[in-house]
Amino acid sequence: MIEKISSFHSPLLLLFPLCHAPGAGGWSPLNSDRSQWLQVDLRGRKQITAIATQGRYSSSDWTKQYRFLYSDTGSNWRAYRQDGTIWTFSGNWNSEKVVRHDLQYSIVARYLRFIPLDWSEEGRIGLRVEVYGCAYWSDVISFDGQGVMSYRFRAKKMRILKDLISLKFRTTKGDGVLLHGEGQQGDYITLELKRAKLWLQINLGSNQYGSILGHTAVSSGSLLDDDHWHSVVIERYRRSVNFTLDQHTHNFRTNGEFDHLDLDYEISFGGMAVSTKPVSGARENFVGCMEGIVYNSDNITNLVRRKKLDTSSFRNLTFSCAESRTFPVFFNASSFLLLPGRTDADTMSVSLMFRTWNPSGLLLFSPLVYGGVEVSLMDGRVTVHIYVSQKQSTRVDISSGSGLNDGQWHTVHFLALESIAILTINGDETSSVRTTLPVMVRTGGSYYFGGYFPRTNLSPTQRSFQGCMQLIHVDEQLVDLQAVEQGSLGTFENVSLDMCAIIDRCVPNHCEHGGRCSQTWDSFSCACEGTGYAGATCHTSVHEQSCEEYKHLGKTSDMYWIDPDGSGPLEPFKVNCVMTEDKVWTTVANDLPVKSPVSPDPEASTVLQLNYSMSTEQINAITNSAEHCEQHVAYHCRMSRLLNTPEGTPFTWWIGRGNEKHTYWGGSGPGVQKCACGIERNCTEPSHYCNCDADQRQWREDSGVLMYKDHLPVSQVVVGDVRRPGSEARLTIGHLRCQGDSNYWNAASFNTPASYLHFPTFRGETSADISFYFKTSSSYGVFLENLGNTDFIRIELKSPTTVSFSFDVGNGPVELAVQSAAPLNDDHWHRVEVERNVKEAVLQLDGKHREVRLAPPQGHTRLQLFSQLFVGASGGQRGFLGCIRALKMNGVTLDLEERAKVTPGVKPGCSGHCSSYGMHCQNGGKCVEKYNGYSCDCSLTAFDGPFCTEDVGGYFETGTVVRYDLMSDSTASSLRDVKSALSPLPTEANLTQEELSFSFSTSNTPSVLIYLSSRTQDYLAVVLRHNGTLQIRYNLGGLREPFTISLDHRNMANGQPHSVNISRQDRIIHLQLDHYPSVSYTLPEASDTEFNLVKTIFLGKVFETGQIDPVIIEKYNTPGFVGCLSRVQFNRIAPLKAALRSGISSAASVQGVLVESNCGASPLTISPMSAAFDPWHPDSAGAQFPFNEEIVSRDGLNRDSAIIGGIIAVVIFTILCTLVFLVRHMFRHKGSYHTNEAKGAESADCADAAIIVNDPAFTETIDESKKEWFI
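Just so it is clear, the structure is predicted and the values come from calculations on it, not from any experiment.

Chemist: I'm lost on a nonpolar patch on the surface in this one. Help?
Modeler: On the surface, Tyr955, Val1153 and Val1155 cluster together into a nonpolar patch covering about 230 Å² of accessible area. Structurally, Val1155 can be placed in strand β85 (residues 1154-1156). Taking relative accessible area as the criterion, Val1155 reaches 41% and is therefore assigned partly exposed.

Chemist: For this particular structure, what's the right way to read the confidence of the model for the chain?
Modeler: Averaged over the chain, the pLDDT score is 84; the fraction of residues at 70 or greater is 86%. This stretch, residues 1-10, has a pLDDT under 50; its non-local contacts, to residues over four places away or in other chains, come to 34 contacts. When the criterion is pLDDT under 50, residues 969-988 qualifies, and its contacts beyond four places in sequence or with other chains add up to 36 contacts.

Chemist: Even after reading the chapter, I still don't get the sheet that holds strand β15 (residues 188-194), so can you show me in this structure?
Modeler: Hydrogen bonds along the backbone pair up the strands of a sheet, which may run parallel or antiparallel. Strand order in the open sheet formed by six strands is β12-β21-β14-β15-β16-β17, with antiparallel pairing between adjacent strands. Only two strands of the sheet have a single partner each, and these edge strands are β12 (149-160) and β17 (216-220). Looking at each pair of strands side by side, their axes are set apart by 15 degrees on average, direction ignored. In the sheet, β12 pairs with strand β21 (residues 261-269) via eight bridges, with the strands oriented antiparallel. Looking at the pairing, Arg159 lines up with Asp262 of β21.

Chemist: Whenever I open this one, the side chain of Thr537 confuses me. Can you help?
Modeler: Within the secondary structure, Thr537 is located in the loop between β41 (533-534) and β42 (540-541). Take Thr537: its relative accessible area is 1%, and that puts it in the buried class. If we ignore the near neighbours within four places in the chain, the residues touching Thr537 are His510, Cys511, Glu512, Cys526, Ser767, Glu835 and Asn837.

Chemist: Just to check I follow, could you spell out the sheet that holds strand β50 (residues 661-662) for this structure?
Modeler: One open sheet accounts for four strands, arranged β47-β52-β49-β50; its pairing is antiparallel. Each edge of the open sheet carries a strand with a single partner, namely β47 (606-609) and β50.

Chemist: Teacher, can you tell me more about the pairing of strand β26 (residues 347-355) here?
Modeler: Where burial is concerned, most of β26 is hidden: nine out of the nine residues are buried. Going residue by residue along β26, you find Thr347, Ser349, Ser351, Met353 and Arg355 tucked away on one face and Met348, Val350, Leu352 and Phe354 tucked away on the opposite face as well. Examined bridge by bridge, β26 and strand β31 (residues 410-417) share eight bridges and lie antiparallel to one another. The residue of β31 that forms the bridge with Met353 is Thr411. When β26 meets strand β35 (residues 467-474), the two strands line up antiparallel, connected through five bridges.

Chemist: Honestly, the pattern of salt bridges in this entry has me stumped. Any pointers?
Modeler: Any two side chains of opposite charge can pair, given that their charged atoms come close. One pass over the structure, following the stated rule, counts 45 salt bridges. The salt bridge partner of Glu121 is Lys64, with a shortest N-O separation of 2.6 Å. Linking Glu121 in the loop between β9 (99-119) and β10 (128-135) with Lys64 in strand β4 (residues 63-71), this pair joins segments that are 57 residues apart in sequence. Glu121 sits in the exposed class, given a relative accessible area of 66%. The buried category is assigned to Lys64, whose relative accessible area is 5%. Measuring nitrogen to oxygen at the nearest pair gives 3.8 Å for the salt bridge that ties Arg170 to Asp72. Here the residue Arg170 occupies a position in strand β13 (residues 162-170), and Asp72 occupies one in the loop between β4 and β5 (78-79), the gap between them amounting to 98 residues. Using a relative accessible area of 5% as the deciding quantity, one classes Arg170 as buried.

Chemist: Whenever I open this one, the packing of aromatic side chains confuses me. Can you help?
Modeler: Here the distance between the centres and the angle between the planes together describe a pair of aromatic rings. Following the criterion strictly, the structure yields 33 aromatic pairs and no others. Here Phe68 and Tyr70 contribute two aromatic rings whose centre-to-centre distance is 6.5 Å and whose plane-to-plane angle is 40 degrees, an arrangement assigned as tilted. By the ring-pair criterion, three or more aromatic residues cluster together here, those being Tyr66, Phe68, Tyr70, Tyr80, Phe89, Tyr105 and Phe114. Here the basic side chain of Arg100 rests over the ring of Tyr132, its NZ or CZ set 4.2 Å away from the ring centre. We note Arg899 situated over the ring of Phe759; from NZ or CZ to the ring centre the distance is 4.7 Å.

What counts as what
- Residues numbered from 1 in each chain as written.
- Predicted model: local features only at pLDDT ≥ 70, side-chain atom pairs only at ≥ 80, totals over all residues.
- Heavy atoms only, no water.
- Patch = residues over 30% accessible without salt bridge, like charges linked within 9 Å, V, L, I, M, F, W, Y side chains within 5 Å.
- Areas by Shrake-Rupley, 256 points an atom, 1.4 Å probe, with all protein chains shown as cover.
- Salt bridge = Lys/Arg side-chain N within 4 Å of Asp/Glu carboxyl O.
- Helix = DSSP H or I, 4+ residues; strand = E, 2+ residues; numbered from the N terminus.
- Buried < 20%, exposed > 50% of the residue type's maximum accessible area, 1.4 Å probe, protein only.
- pLDDT = per-residue confidence, 0-100.
- Contact = heavy atoms within 4.5 Å.
- Pairing = 2+ DSSP bridges.
- Axes fitted to C-alpha atoms, helices over the stretch in contact; angles between N-to-C directions.
- Phe/Tyr/Trp six-rings, centres within 6.5 Å; stacked < 30°, edge-to-face > 60°.
- Lys NZ or Arg CZ within 6 Å of the ring centre and 35° of its normal.

And the structure:
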C-alpha cells in the first residue's frame, strides 16, 4: 500500500498500482463469493473525490460490479449512495482497462471497503484500486449532553440582516438542540434534531397584536441518528433562506414582514444557554460530535480550541469523537442470523433494537422443546406467537405497539418465565403486555434473527425481515456481534454486519404538490387524493389550463377548476367561465359591493381594499396568458371630485398589479389623467375632464372600463375628496374579466424538413412533463429533441400510426411507443402527453392510447442535458412537417410564435382548427376558422350559444302570431342556398323534401302550432286538437282532402315540453315525437310530391289572405296558441329566432305579445315528482321517505281529511269548468270584429273566417269525413 497526498484530484492511494509495472499483481481472494471485501486504511481522515479500478495484472481475474463503503473508525460502515439508492459501481470487463468514477459528492473517511458483487466468468475476483482526493483536517468537539458552548456577541444586541452558518454533526441520539439564539423582542433561530429529523426554526419578528406571525419551521433529512457525519449550511439574506443538508437544499421565505434577526448577547451551540428565557421551553441538549462550526465568518471550533469561548459547562471537553459502541446488523429478504442460547431452560429472555419501513417481518424465531416462539412485526405492531405442542397443539398470542415501521429505532423485550410471558416495547414497563401460558417454557437453544427458512412442521407466519437490528441480548447477555463477524460465534447468511443501510425514500420527498409519501424497504408511493394532481409523483395536473381549453372540450358556461401552469408550483383554482359565441371569458370576483359608500377618514384619504377569490399569483397567471382583460369601474359622486385636472394632483387614484399607482379612470388610458367623458369630450362641465370634477350638488357618475391588462386587477382605491361637508361618494369595481388564451393557441408551422426552432436547455432532472398538439399530413418526423453527454430525450412521429418517446438518464436508452387505430397524419389535431419521473415514464396520445414504463429499481434518476432544445427537427433526424401548438414543458409554455417570426422555414400560427373541433358545433351550426381557434356560426339554426346548443324560444300570449315570409326579396337568396341542399329545384320554392323541427309546451287547446302556406293550395299544418292530441296535416295536391296523421294515444297539452321532428323525402314522411322511435308514413300514390311555391310560415295562429284549409280556421285557429314554442326550424330557416333577434331578418314579424323564453325546450315526458316530496331534492326540507301514512301533516290534518278536502276541490273545479264552457258557447257568435277587411267579411263567424270569406280564390271544401291516420 502506497500513500500519496498531493493536490486535489491527485491520486491519494495506489493499492496494487494501476496499469504500469509488469507483475504488479492485484487483490484476488481465495474464494469468489459476495462475502469477500477489500478494506483500506488511509491512516487518517481524507476527502475522497474519485475511485478507479482495474483487473488483476495479466490474468482472467477482474471485478465487473462492486459497492463502496466508508467509515471513520473501521466500524459502523456507510454505503456510498447516489440517486437515492445504495450505488452499484460498474467495474472492469478485462484485466487491463482502467475504469474511473468521479463521485457525485465527495466523502470524508479513513477506512474504505470494496465489496465485489459480480466478477469474471473466466476467472475469479481480481482488483487493483486507485483512490483520488486530498488531505482533510477539522476541529472536532464532543458533546456529552451537559456542556453548551456560548458565543457572545461583540455588542449587547445584534441586528443581523445576513447570516451564514455551517457545521457538521454526528450522533446516535434523535433529539437535541444544535444551536440556538434569541432576542428580547421575540426573534429567535434554532437548529434542532427531533425524531432524527433536522428542524430549522426562525422568527424575524411578530407584532403584539398577532396580525404578523413570523414563526417559520422547516424540516430536512431523516434517520440522522445513524452515527455518520452530516453537513449543514444555513444561508439567509433578509427573508430568503437556503437550508442545505447533505447536498439537498431547501429554499424558502420566512413568514412575517421583517428582514432583520434581532439577537441578544449570544448564540449557543449544543443546547440552550443558561441565560435563555424560560419561554423557549425545555429542550434536550445535543449528544454527539460537531466539527467545522462557522458562524458568520467566525470559526467557532477554532475559538474553542484556543479557549476564546466559554466552555465551563463541559465536565470533560474533548477534541475527538468517541467510537460508537453499537454494532448494527443489516438484513435483506434472504438473510438470517443464528445465535446460540441456553438449552432446556425454563426462562427465555430476548431483547433487541430494530428499525424498518416494512409493516411486517420476522424479528425472531426460536424453537422450543415443545413448540416455538415467534416475535414478528405485523401491520406496524409487535406480535408474539407462542406455539405449544405438548399434549395438544395450541397457540398463545400477545401484541403491543403501533406504527413501529416508521424508520426509527424501537426496543423489543420478550420474557417468558415458567408459565408467564411478558412483552415490552420501547422500555415502557407500564404498558407491558402479560399472558399466562398453558405449560412451562423449555428453551431449545437456537435463536433465528431476521429470517427462518427451514421447512419444518412448525413454521412462523413471517419468514424474513428487511431492516436493521442492534444491541441484541440473549439470556440477558449482550451478543458480541464482532465475534459473529469473525466466525467464532453463531452463523449468518446474506447479513451485512457493522452497518445499517436503511434509506428514507421519502426524503427528499419526490411526491409533488402536497402528495403524501409512504414507503416500504424497496420503494415509495405517493397519495395524490385531494391535491388536484395525479401520476406516480403527483406531478400532472388533472385540471385544464384555462376556460378556453374547457370550451374546446365541448364544455358550456359554468364554474371550473383551472391550472394555468400545469405541473408548476401554482395551485389550481376555481373561476367562472362564460362561453359566448365567439369569445371565452374568465371572470374573477371581488368582495366590494356595488355602489359601496365611501366613509370619510378625518385625518387621511379613505382606502378601500379589494379582496379577490384567489391569490395575486393566480390572478397574474390569468392576465399573463389572456389576450385581453378589462374591469369596469364607476365613481358616483356628489360634491366629491375624482381626478382634478390633468396637471394637478389627483384626488383619487387606484393601485393595480405590482402595487403600482395609477391616476387614470375607466374609459381612459395610462398616462392620461382623464375620465371617459374627458376623452369623448362630453363631460357635464366642458372645462373639466371628469363629471365628478365639476363638484356639483347633484349626483354624477364617472364610469368606464379599464383595459390595460398589465395594470389589472384593481386591488385598492384611494379616495381623497369625501371629508368636506356635503361630500358623498359611492364606488363600484366590477369583476376582472379576461378572454382568450395566448398559450393554448401559440403555434408554429414547419414548412421544410430542415426547419426547426431552438430554445434553452430543458431542465427536468428528476421530474419532467411535456405536452403539445400536432397536426400533419406527413408520415414521420421529430417533434422535439434535447441532448446531453449520453442523456437525451426525443419525441417523434415514427409512422403514420405511431408516436414514440425515447430517453436515456444513464441506464441505457428507453423507448415508449403508442399506436393509434386511425392514421395520425390526417391533418387533424392530436395531443401528446409525456411524463418522466424517478418512478416511471408515461406516454399518452389523444387521452386514450397510453404506455407506462417503470423505472429500474436501482440506477440513475437524474436527466442531465446540455444542448439546446430543438423543436421540429434536430441534427441527423427526420424533420417534422406540419403544426405544433401549445407546447408546454414543466408548466411553462414555449413561445413558438415569437421564435417562428425570426426563423426561416417556420411560420407563426397554424390554420385549420375546424377539422378537429368542428364537431362541437351542433344542431347544424357551422364551424368558422379563426387565427387562434374557431367559433360556431349559429345564424342558420334555431339555436344560440358557443356550440349552437342553447334553445331560442318564446312565450305566446293569446292572439300572438309570428309570421315569416319565405318568398320576400330579403329571404329569396338564403332560401335558394337552403334549397340547394334540401330541394332539387334551385330557383323556385318547390320542395320535394323538407324538415320541420320544434318543441312546445302548453295547457290550452285547440291551437295551431305551425302552419306553412303557399301560393297554391299546398300547405303543412301541425295542430293541437280539443283533446290535446297532435295532428299533422299535409296537402300537396292530387288528393280531395289533406293527408292527416293523428296521434290519439296521448295528451300533449299537459304543460310539459314536447319535441316534434317531421321530415319528408318525396312520398315518405318520418315523424319522431319526444324520445320515442321514429315512425314512417307514405303519401298516397295520387298525392303530388312537390310542396309548390312555399310562401309563409305562421307560428301560434294563421293570419293569411290566401287559400286556407277551413278546418284549420274553424276548429283550431281561435283563440290562438297560448304557451311556449322553442327551437323552431324549417329546413335551414329559424323563423322564431329571426323574430326574437333584431337585425337577423326583415322577413319576420310579430303581432301581439311575444316574450323570449326557453320554457318549451328540454323535452320531458314523465311528470316529475313534486319537490316537496322528492327525498333527493335539496329543497325538500321536512320530506319523509318512505312516506309514512300515519304521519300527520303540519296543519294538523290527518291523511283522511286531506283526501276528503281533495274530493271537494275536484267537484268545485268541475262545476266551474262546466259554467265556463256554457258561457263561452252562449256568447261565441255575439262578438263584433273591427278589421280593415272588405264588408263581405261582416257575415263571417270570426276574424279568421272573415279572411277566408274575403278571399275570392278560396273554394270551400269542408268535409267532415276526411280521412285520418292514427298512430
